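Fold and contact review
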Amino acid sequence: MLSKETYKNIDQISTISRGFMQSQILITACELNMFTVIGEEGKKLEDILKITDTDKRATEILLNALTSMGFLYKKENFYENSPLSKEHLIEGKKFYMGHSIKHAGDLYKRWAQLPEIVRTGQPVKSGMEKRRESPEETRRFIMAMANVGAFSVEELVNATDFTGKKHFLDIGGGPGTYAIGLCSKYPDLKATVFDLPEVVPIAEEQIVKAGMGERIDTKSGDYLKDPVGTGYDIILISNIIHSLGEKDILLLFGKARKALADGGELIVKDFFPEDDRTGPEYPLVFAVNMLSGTKEGNTYTGKEITGWLKQSGFTEVEIKELTPHTSIATGK
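Residues numbered from 1 in each chain as written. Predicted model: local features only at pLDDT ≥ 70, side-chain atom pairs only at ≥ 80, totals over all residues. Heavy atoms only, no water.

With respect to the environment of Ile267
Following the sequence through the fold, Ile267 ends up in strand S8 (residues 260-270). When the C-alpha atoms of Ile267 and Pro115 are compared, they prove to be 35 Å apart, with 152 residues separating the residues in sequence. When sequence neighbours within four positions are dropped, the list of residues in contact with Ile267 reads Leu156, Thr160, Phe162, Ile234, Ile235, Leu236, Ile237, Ile328, Ala329 and Thr330. (Helix = DSSP H or I, 4+ residues; strand = E, 2+ residues; numbered from the N terminus. Contact = heavy atoms within 4.5 Å.)

Points about unusual backbone geometry
Cis geometry marks the peptide bond from Gly279 to Pro280, where omega comes out at -10°. By the secondary structure assignment, Pro280 is in the loop between S8 and helix H14 (281-293). One non-glycine residue, Asn33, adopts positive backbone phi at about 60°. Looking at where Asn33 falls in the secondary structure, it is placed in the loop between helix H2 (19-31) and helix H3 (34-38). Note on Asn33: relative accessible area 28%, which makes it partly exposed. Phi angles above zero are rare outside glycine, and Glu76 is one such case at about 55°. For Glu76, the position within the fold is in the loop between strand S2 (72-75) and strand S3 (78-81). The class for Glu76 is exposed, based on a relative accessible area of 71%. (Buried < 20%, exposed > 50% of the residue type's maximum accessible area, 1.4 Å probe, protein only.)

Considering the sheet that holds strand S7 (residues 232-238)
Strands sit in the order S6-S5-S4-S7-S8-S10-S9 across an open sheet of 7 strands; the sheet is mixed. Edge strands, defined here as strands with exactly one partner in the open sheet, are strand S6 (216-220) and strand S9 (318-321). When the angles between neighbouring strand axes are averaged without regard to direction, this sheet yields 20°. Bridge analysis of strand S4 (residues 167-171) against strand S5 (residues 190-195) gives 5 bridges, and the strand direction is parallel. Bridge pairing in S5 places Leu169 opposite Thr192. (Pairing = 2+ DSSP bridges. Axes fitted to C-alpha atoms, helices over the stretch in contact; angles between N-to-C directions.)

Overview of the pairing of S9
With 4 bridges joining them, S9 and strand S10 (residues 327-331) adopt antiparallel strand pairing. Paired with Ile319 across the two strands is Ala329, which belongs to S10. With antiparallel pairing between neighbouring strands as the criterion, S9 and S10 make up a hairpin whose turn holds 5 residues.

A short note on the packing of helix H10 (residues 135-159) against helix H11 (residues 177-185)
For the pair H10 and H11, the least separation of the axes is 9 Å and the interaxial angle reads 35°. Between H10 and H11 lies a crossing of right-handed hand. Side by side, H10 and H11 meet where Ala146, Gly149, Ala150, Ser152, Val153, Leu156 and Val157 of the first sit next to Thr177, Tyr178, Gly181, Leu182 and Lys185 of the second. The class makeup of the residues in the contact of H10 with H11 is 7 nonpolar, 4 polar and 1 charged. (Left-handed = near helix turned anticlockwise from the far one by under 90°. Nonpolar A, V, L, I, M, F, W, Y, C, P; charged D, E, K, R; others polar.)

Quick look at the layout of surface pockets
What the second largest pocket holds in volume is close to 660 Å³. Taken together, the elements giving at least two residues each to the lining of the second largest pocket come down to H10, H11 and helix H12 (200-209). Considering each element in turn, the lining of the second largest pocket owes the most residues, 8 residues, to H10. Residues that form the lining of the second largest pocket fall into these classes: 9 nonpolar, 6 polar and 7 charged. (1 Å grid on protein atoms, 1.4 Å probe; cavity = no way out; pocket = protein on both sides within 12 Å on 5 of 7 lines; lining within 4 Å. Points joined across faces, edges and corners; volume = space filled by probe spheres on them.)

What follows is the structure, encoded as C-alpha cells:
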C-alpha cells in the first residue's frame with residue numbers, strides 16, 4: 001500500500017505535468033469570448049450557442065469544466081459567471097485579463113517546442129519576429145501588456161514620487177498604460193511613449209480613449225538603434241530588459257542616461273530573482289519564457305541590475321519591491 005506521502009508526491013507531479021489542460025480550457029473560453037457572452041446576468045446553454053455558433057456537445061463540456069474550475073456557476077442548463085470571472089473576464093471591465101490570457105495562448109505554441117529550444121539554445125522563432133508577421137498577435141501582446149499594466153501602474157504610482165517633474169518617457173511603453181496612469185495623478189506632468197512603429201498606433205488609441213491626447217505624445221522607433229529624445233526628468237524601462245542580453249542592456253541604460261536632464265531618474269521595472277537564482281518561482285519560470293522567445297533574454301537579479309546601472313553612470317541606485325512578482329531599480 002502506498003503511503004500518504006507517495007500519493008501526495010504523485011498528485012503534485014501530475015498536477016504540474018497536466019497544468020496545460022486547465023490553461024487551454026481558460027484560453028479557449030477567452031478566445032471564444034464565453035465569459036463576455038454569458039455577461040453579468042448569465043445565459044441558458046441554447047442562448048450561448050446562438051451567439052458563439054459553437055458545437056453543442058463541445059460547448060457544454062467546456063462550460064462544465066469551467067464550472068468545476070470556479071469560473072462559472074451552473075444550474076441545470078443555465079450558466080452564470082462567478083464573481084472572479086465577472087471582475088476579470090468580461091471585456092470592458094477595468095481589470096479585464098482576457099487579452100493577457102489570449103496572449104498566453106500564443107506563448108503556448110512556443111512552449112510546446114521547449115525540448116528542441118533547450119537542445120539548441122535558440123528560440124524556434126523569436127516573439128518579435130512572430131508578432132511582426134501577425135498584426136493580430138501584435139495587438140494581443142500589446143493589449144496583454146495593458147491588462148498587466150492596469151494592476152502594476154497603481155503600485156508604481158504609490159511607490160514613486162513625481163512631484164515637480166515635467167516630462168516622463170516610457171521606453172518600450174506599449175499601450176501607454178504607465179504614461180496615462182502617471183499623468184492622471186500628476187496634472188503638470190507630460191509624457192512620451194516610445195515604441196515600434198507597429199505598436200505606436202495602439203498606444204495612441206489608448207491615449208485618446210483616456211482623454212490624454214494633449215499631454216501624452218508618442219515617438220516610434222527601435223530603442224536600441226534610434227534616438228529617443230532628451231531632457232526628460234524621469235525615464236521608465238518596464239519589462240524590457242528581460243528580452244535583452246547584457247550588451248544591449250548596457251546600451252539601453254547608457255542611452256537613457258544621455259536622454260535624462262541633470263538630476264533625472266531612471267526606473268527599471270522587471271522580475272528580479274534572488275541573487276543565487278533559487279527563487280522566487282515566477283521570475284525563474286519567466287526566464288524560460290524568454291529562452292523560448294528571445295535569443296539572449298533572461299531575468300536578472302537586483303545585484304546584476306545595480307551593477308549595470310552603476311557601470312552606466314547612475315548613482316544612488318535603490319531596489320524596491322513593487323508587487324509579489326515585480327521590483328523596481330532606480331538610479332539618478
